[in-house]
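# Coordinates in review
The lines below spell out each chain.
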Amino acid sequence: MNVYDGQRIASMLRGRGYIQTDDYTDADIIILNTCAVRAKATDKVFSALGRMRTEKKPDAIMGIVGCVARESGADAFRRVPELNFVLGPQSYHKLPEILDNPDTRLFNIDLGGLEKFDAMPQMETSPLIAYIPIQEGCNHCCTYCIVPYTRGREISRPIDSVIHDVVHAANTGAREICFLGQNVNGYKYTAPDGLSYRLSDLIRAAAQQDAIKRIRFTSSYPTEMTDDLIEMFRTEQKLLPFLNLPIQSGSLNVLTKMNRPYSLNLYIDIVDKLKSARPDIQISSDFIVGFPGETDDDFEQTLDIVRRVKYINSFSFKYSPRPHTAAALMPNQIPEKIKSERLYKLDALLNEIQREFNESCVNKTLSCLYEGPDKTGKYAIYRTPYMQPCVVKIAPQIAPQIAHIKITDANKASLRGDIQN
Ligand code: SAH
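## Some details on the packing of helix 12 (residues 264–277) against helix 13 (residues 296–309)
Contact geometry for helix 12 and helix 13: axes closest at 12 Å, N-to-C directions at 15°. As summarised for this structure, helix 12 and helix 13 are arranged roughly parallel, according to the angle between their axes. The way helix 12 lies across helix 13 gives a crossing that is right-handed. Packed against helix 12, whose contacting residues are L264, Y267, I268, V271 and K275, the element helix 13 presents I305, R308 and V309 at the interface. Of the residues in the contact of helix 12 with helix 13, the class split is six nonpolar, no polar and two charged.

Right, dumping it as structure tokens:
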């Protein structure tokens, strides 16, 4: 979501004649697009601002947009008096106001909903992967999560606007559509004529675009994997055989305290249904270790579910207490040392399974999407249908957008392969 927000902001600025620089000491405008989901992310914003306030050009304007703006509110101006603007995740379309009046201060952390999507100019060309937000906010209110506070309650975009964006992206260079939302599979829009639309309708519409070869969506909530959506994995071959379906914990006890009221059986049932719809599907998850009150036994149950589902490409985090959340006030907060030990164990298991899966891809030929040059600039990086990075010995300048790649080598983090004709 933040990548998308950043692309929209950059495109708006290019339209006003700005050019991008990698060196903030040379910039006329500095915008930090921020994430507040863990304390570390927020801390990084303020330490970066601490550096930038002294090193930036004296008349450069500087500000923050996104969830840290919403989290810290006007207090951000007190902490960093050099800030010119503080704009929440739903008000960054107001940026032009500060560009027009750089001597003022701009503050807006309202949860206005969908205004930003239409207020920002369309991007002139689409990246190969077009991120298309379809809903914003979340109604689940997991007790650890700051997102309902920073991004507000769920609101779905009108289907016409979403399809307009899909067609525009397809016509201006996109080969993959990634539908976005904090609770993306909760998408529900009722049109003025009374007809209701869900994510499955959007997937079907995107698949009709010839230029679009791959479709995916993120982030999903387990119990909103409705049968119509699962069925898409059977019927729409463009939908990638890969799904991020965060379970967070394998302990019912912890899930209940997290306010994620689903049983493990229900979760496993959903995974089984997905597998019967698309036998080659792979699942990834997000995990939180060290949630308040998590016992050794609870944690072992998380390891059990990892072994059972055999997750690939997952994200794992130590629980981080956040303002505006219920879990921050719960008793039995877990000491940092135990959190670290548990994270280490979980990561070791996830890595082992990931390596096994990557190795199982060797000798297979996968249809992959070009991503960009590798660090040396000499080779091309592709993404497999499971979003594994794959390094190919071909000059990035001549790399095809979509290629059939025979996988020759694999390790925990990435694959190597050769393009097949
Ligand atoms: N559905 C949201 C989730 C983003 S947060 C979205 O797509 O915007 C991504 C992951 O961060 C969550 O799935 C969770 O595993 C983790 N997370 C959220 N709050 C956290 C906290 N307080 N401490 C540690 N990890 C957290």
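Read on for the rest.
## Some details on the site of the ligand
Near the ligand lie 13 residues; those nearest to it are Q182, S219, Q248, D286 and S320. One nitrogen or oxygen atom from the side chain of R38 is found 2.9 Å from an oxygen atom belonging to the ligand. S320 is positioned such that a nitrogen or oxygen atom in its backbone is 2.8 Å from a nitrogen atom of the ligand. Burial of the ligand by the protein amounts to 84% of the accessible area it has alone, namely 550 Å². When residues of the shell around the ligand are traced back to their parent elements, those giving at least two are strand 14 (286–289) and strand 15 (315–318). A class-by-class count of the residues in the shell around the ligand yields five nonpolar, four polar and four charged.

## Some words on the layout of surface pockets
Space inside the second largest pocket adds up to approximately 640 Å³. Lining the second largest pocket are 19 residues, with L13, Q20, T21, I29 and I31 sitting closest to its centre. Looking at the lining of the second largest pocket, the elements that each hand over two or more residues are helix 1 (2–15) and strand 1 (29–34). No other element matches the five residues that helix 1 contributes to the lining of the second largest pocket. For the lining of the second largest pocket, the residue count by class is ten nonpolar, four polar and five charged.

## Structural notes on empty space enclosed by the protein
If you walk through the whole model with that rule in mind, you get one cavity of 30 Å³ or more. In this structure, the largest cavity encloses a volume near 160 Å³. What lines the largest cavity is a set of 17 residues, and nearest its centre among them are Q122, M123, Y131, D165 and A169. Secondary structure elements with two or more residues in the lining of the largest cavity: helix 1, strand 5 (129–133) and helix 8 (159–171). Top contributing element to the lining of the largest cavity by residue count: strand 5, with five residues. Split by residue class, the lining of the largest cavity holds nine nonpolar, six polar and two charged.

## Some points on the pattern of salt bridges
Within the structure shown, the criterion is met by 24 salt bridges. For K94, the salt bridge goes to E115, with nearest N and O atoms at 3.9 Å. Of this pair, K94 sits in the loop between strand 3 (85–87) and helix 5 (95–100) while E115 sits in helix 6 (residues 115–119); the two residues are 21 residues apart in sequence, bridging distant segments of the chain. Residue K318 pairs with E336 through a salt bridge whose shortest N-O separation is 3.1 Å. Separated by 18 residues along the polypeptide, K318 in strand 15 and E336 in helix 14 (residues 336–360) bring together distant segments of the chain. A relative accessible area of 46% places E336 in the partly exposed class. If you follow the salt bridges from partner to partner, you end up with D5, K116, E136 and R151 in one network.

Scoring rules and cut-offs
- Residues numbered from 1 in each chain as written.
- Predicted model: local features only at pLDDT ≥ 70, side-chain atom pairs only at ≥ 80, totals over all residues.
- Heavy atoms only, no water.
- Axes fitted to C-alpha atoms, helices over the stretch in contact; angles between N-to-C directions.
- Helix = DSSP H or I, 4+ residues; strand = E, 2+ residues; numbered from the N terminus.
- Parallel < 35°, antiparallel > 145°, perpendicular 65-115°, else oblique.
- Left-handed = near helix turned anticlockwise from the far one by under 90°.
- Contact = heavy atoms within 4.5 Å.
- Nonpolar A, V, L, I, M, F, W, Y, C, P; charged D, E, K, R; others polar.
- Near = heavy atom within 4 Å.
- Polar contact = N/O pair within 3.5 Å; in protein donor to acceptor, adjacent residues only side chain to side chain.
- Areas by Shrake-Rupley, 256 points an atom, 1.4 Å probe, with all protein chains shown as cover.
- 1 Å grid on protein atoms, 1.4 Å probe; cavity = no way out; pocket = protein on both sides within 12 Å on 5 of 7 lines; lining within 4 Å.
- Points joined across faces, edges and corners; volume = space filled by probe spheres on them.
- Salt bridge = Lys/Arg side-chain N within 4 Å of Asp/Glu carboxyl O.
- Buried < 20%, exposed > 50% of the residue type's maximum accessible area, 1.4 Å probe, protein only.

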